[in-house]
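Chain by chain, the residues:
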Amino acid sequence: MKTSNQISLVHRILLILCSVALVVVIFLPIWRIELDAAQYPEGLELQIFSYKLAGQVDIINGLNHYIGMKTLHADDFIEFTVLPYIIGFFALAFFAVAIANKRKYVYLLFIAFLLFGVVAMVDFYVWEYNYGHNLDPNAPIKVPGMAYQPPLIGFKQLLNFGAYSIPDIGGWLFIASGLIIAYCAIQEWRKPKLIKES
Amino acid sequence: MNFKKYVLFGLATAGMLLSFESCKPKGAGNAVSGNAAEKTYVAPGQYDEFYNFASGGFSGQLSVYGLPSGRLLRVIPVFSLDPEKGWGFSEETKPMLETSHGSVPWDDLHHVQLSKTDGDYDGRWVFANANNTPRIARIDLTTFRTAEILELPNSGGNHSSPFITENTEYVVAGTRFSVPMDGEGGDVPINTYKQNFRGTLSFVSVNKDNGNMELAFQIETPGVNYDLSRAGKGVSHGWFFFSTYNTEQANTLLEVNASKNDKDFVLAVNWKKAEEYLKAGKGKKVSNLKYVHNKYDDHTHTATSTLKTETIVLNAEELEGLCYYIPCPKSPHGVDVDPSGEYIVGSGKLAALIPVFSFSKIQKAIAGKQFEGEFGGIPVIKYEAALHGEVEKPGLGPLHTEFDGRGNAITSFFVSSELVKWNIKDLKILDRVPTFYSVGHLMIPGGDTKSPEGKYVVAYNKITKDRFLPTGPELAHSAQIYDISGDKMQLLLDFPTIGEPHYAQAVKAEKVKDRSLKIFKIEENKHPFFTKGENEARVERKGNDVHVYLTTIRSHFAPDNIEGIQQGDNVYFHVTNIEQDWDMPHGFAIKGARNGELLVLPGETQTLKWVPDRIGIFPFYCTDFCSALHQEMQGYIRVSKKGSNVPITYSLGTNQPVEKTN
């Protein structure tokens, strides 16, 4: 019988799959904010990649000047420089844990990945808060008490625009990786107990 | 009792009057029945099934309707000025209306043709003819804008046009009025028609890739009036059929003098043979001509007009096997070819029957030299030798025929104001419906292709008295759509049209809508006065010419304060719309401009010329409601007297108010 601090083969394969998925995430859109209004029945879309902004950024920037919101430029965000490295680091970490085949590394990786997810969402929230609240006092349209912070996740009406914020394909892969590492960690945690009982 | 008698007498009289009234045939008003509304109802937000491109007649423009709703989607300016869109007013579009006579601001657009590949519509271009100053236009269906206009020499009115071959190899133009060939030789007495007047048929080639037109060659024929034409297709591909009238060669009171002959002709032209003769060098190069070729470039956003002087003329009398006449009763108008290409329907305006000719019989007659003589040196095929059969007593005044793709033809009748459906093979009449009133052209979507969409027929009517609310002495012409999917034609809807709709064509929306352009890419803008962004916006003086490099974006102009302009300057506003968003044009208008407005599409540059006639402050503004702050999209220009020392200055947002100093 194998020593009990090793990882099961299934879990190791899952970790390697996550590693590959995370490499792919670097090149895929992670989050998307969809906007629609009477003037844009076809909708506008802002896509957030690990290293850039995409979608109709110029059109959205053109509209933002009415409410005095700062225009969006990828250069203004340190995140777009470091994020690909952090995700790349995690991709390597998933692979390394699978190879190292030590159960406690699974727990460590799970905690680190969870922490990163929480920090990333907090960062995203702060980012949205600043854009939504730091408005140019000379903006043509001023609605007292109105802020334009997009929703962290879900739907919110901002004047004539409905804003819908959801993970994009890369985000879903990221979340799936999180769920898989959580599943692996829990299963590995339960396994020694089962051995003891039997 | 007297009283009783009166009552009885009164009732009897009333009864008699009522019964007389009921003897009168029912009016047209109640001809619509059942589920007509349902069949044309396109719910708000839903798309129509077909684009209908309808000629605007004497408006000179092309209208676009949705079918079956009849909703007007757009009016595309072609041969006439259109201040709404700046067409012919901006410096860039002015060359499109150039002719060898100078700028002609109007024409009479009669017929439209959708481009074809393998005998079916390919949704790339629409061609249209100018009936007055002979021209052919090509409209691009990605931009819904006129891309090219070619003038035709040696022609006196272009009616028999712009009919096209099954792969859009050629667009033709048969001259309506025969005239002497262009040049010095044209100064002849009018009553020497027979000796000096010639009828030319122009064959204009179309480039497969970019649609560019060139006058490939002309065929010179005896002087007659050419009315309409159609290309052969399928078995008859390689041939073209033109209807003629005035084979009497009258030069005055044509109403009477051109209606004398029992039969005029359909002229069959073997254009493949013409190509052979051309290759063999049998054409005569003519180089004393003057005609212009105008092209619009979507990258420079500018039209250019080029004067041309040459063409090659093939003489129909000298070149054997090029042309044959087929006798056709009483001044034929429409000459229409069925989907197989075998049957050719001639519609004599004044005839009491419709002859249907057979292409294979025509070929046999030519091979067997079954000629009854010649006209102007061209063989005339025996009527019976070419005839498939006649449709007996179809109605009065047959004009045009379209095909439903199920072996039937529908012919329009102007005088008896009706559409008549008949079978091509057995020539039996199947159904007839009234039109309100006096139909000219009719149209089945794809009705001139190899595979018609026989769902609807549309009648384009000349008279609409009592059909709509009156609008003074002049009333709209109309279109009427009928369901032809069943055995009986069923009237569904009337809708008024712009100008006079002559011919129209309709194509499945899918063939056009997905190729429709949304914006012009700003990085592809090659206009010489393009302004790349607001920081390049500027004003430059060159002598009396002032060039304003102006940009537009919601909701301001850059610059919007300009000083240093002088009375009498030639001021050119080169307006670049730097938006890159669909449906976001900006307009530009300035007080006192003896010109139009500009309507500048995203990524485009357009120029308005303005010569300020007095000193003062002139406002300019955006004319197309662009955003919530559209009313704020405005600016001022200061005009000083000639020789003033006010320097050229321009700014956006920095010209702050001056405090009072005294």
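Keep in mind it's a predicted model, so treat the numbers as computed, not measured. (Residues numbered from 1 in each chain as written. Chains lettered and ligands numbered in written order. Predicted model: local features only at pLDDT ≥ 70, side-chain atom pairs only at ≥ 80, totals over all residues. Heavy atoms only, no water.)

**Student:** Could you give an account of the domain arrangement of chain B, naming the residues involved and the relevant values?
**Tutor:** Residues and elements named next belong to chain B. Segmentation of chain B into domains returns domain 1 (50-513) and domain 2 (524-651). Summarising the inter-unit geometry, the C-alpha centres of domain 1 and domain 2 are found 43 Å apart. Between domain 1 and domain 2, the contact holds 16 residues from the first and 18 residues from the second. Both sides of the domain 1 and domain 2 interface together cover about 1200 Å² of buried area, and 46% of this is carbon and sulfur. Linking domain 1 to domain 2 there are 1 salt bridge. Its residues assigned to classes, the side of domain 1 that touches domain 2 comprises 3 nonpolar, 7 polar and 6 charged. (Domains from an automatic or database assignment. Contact = heavy atoms within 4.5 Å. Buried area = accessible area lost by both parts, 1.4 Å probe. Salt bridge = Lys/Arg side-chain N within 4 Å of Asp/Glu carboxyl O. Nonpolar A, V, L, I, M, F, W, Y, C, P; charged D, E, K, R; others polar.)

**Student:** Account for the sheet that holds strand β5 (residues 161-167) of chain A, with residues named and values stated.
**Tutor:** Think of a sheet as strands paired side by side through backbone hydrogen bonds, with each pair either parallel or antiparallel. All names here are of chain A. Read from one edge to the other, the open sheet built from 5 strands follows the order β3-β2-β1-β5-β4, with strand pairing classed as antiparallel. Looking at the sheet topology across the chains shown, the edges are occupied by β3 (53-55) and β4 (154-158). On average, each strand axis in the sheet is tilted by 20 degrees relative to the strand beside it, whichever way the strands run. On top of the sheet, helix α2 (residues 57-64) reaches β1 (31-37), β2 (40-48), β3 and β5; it is set at about 105 degrees to β2, its chief contact. On top of the sheet, helix α4 (residues 103-133) reaches β1, β2 and β5; it is set at about 30 degrees to β1, its chief contact. (Pairing = 2+ DSSP bridges. Helix = DSSP H or I, 4+ residues; strand = E, 2+ residues; numbered from the N terminus. Axes fitted to C-alpha atoms, helices over the stretch in contact; angles between N-to-C directions.)

**Student:** Just give me the short version of the pairing of strand β32 (residues 439-443) of chain B, but keep the residues and values in it.
**Tutor:** All names here are of chain B. Within β32, 5 of the 5 residues are buried, which leaves the element mostly enclosed by the surrounding structure. Where β32 and strand β33 (residues 456-461) come together, 3 bridges link them in antiparallel fashion. When the sheet's bridge partners are listed, valine 439 is paired in β33 with asparagine 461. (Buried < 20%, exposed > 50% of the residue type's maximum accessible area, 1.4 Å probe, protein only.)

**Student:** Can you explain the sheet that holds strand β7 (residues 120-130) of chain B? Please cite residues and give values.
**Tutor:** All names here are of chain B. Across the sheet, 6 strands lie side by side as β6-β7-β8-β9-β18-β19; this open sheet has antiparallel pairing. Since the sheet does not close on itself, it has two edges, and those belong to β6 (109-117) and β19 (302-308), each with one partner. Each adjacent strand pair in this sheet contributes to an overall mean axis angle of 25 degrees, direction not counted. For β7 and strand β8 (residues 135-140), the ladder comprises 6 bridges, and the chain directions are antiparallel. By the bridge assignment, valine 126 is partnered in β8 with isoleucine 139.

**Student:** Got a sec to walk through α4 of chain A? Specific residues and values, please.
**Tutor:** If you check α4 of chain A, its first and last C-alpha atoms are 46 Å apart, about what 31 residues at 1.5 Å a residue would give, namely 45 Å. For α4 of chain A, every residue scored as buried is listed here: Arg103, Val106, Leu109, Phe113, Phe116, Phe124, Trp127, Glu128, Tyr131 and Gly132 of chain A. (Expected span 1.5 Å × (residues − 1).)

**Student:** Residues and numbers for the interface of chain A and chain B, please.
**Tutor:** Contact residues are listed per partner, giving 7 residues for chain A and 7 residues for chain B. Between chain A and chain B, the buried area comes to about 590 Å², and carbon and sulfur atoms account for 57% of it. The three residues of chain A that bury the most area against chain B are Tyr40, Ile59 and Tyr66 of chain A, which together make up 59% of that side's buried surface. Counting across the chain A and chain B interface gives 5 residue pairs in polar contact (both at pLDDT 80 or more). Those elements giving two or more residues to the side of chain A that touches chain B turn out to be β2 and α2 of chain A. A class-by-class count of the residues in the side of chain A that touches chain B yields 5 nonpolar, 1 polar and 1 charged. (Polar contact = N/O pair within 3.5 Å; in protein donor to acceptor, adjacent residues only side chain to side chain.)

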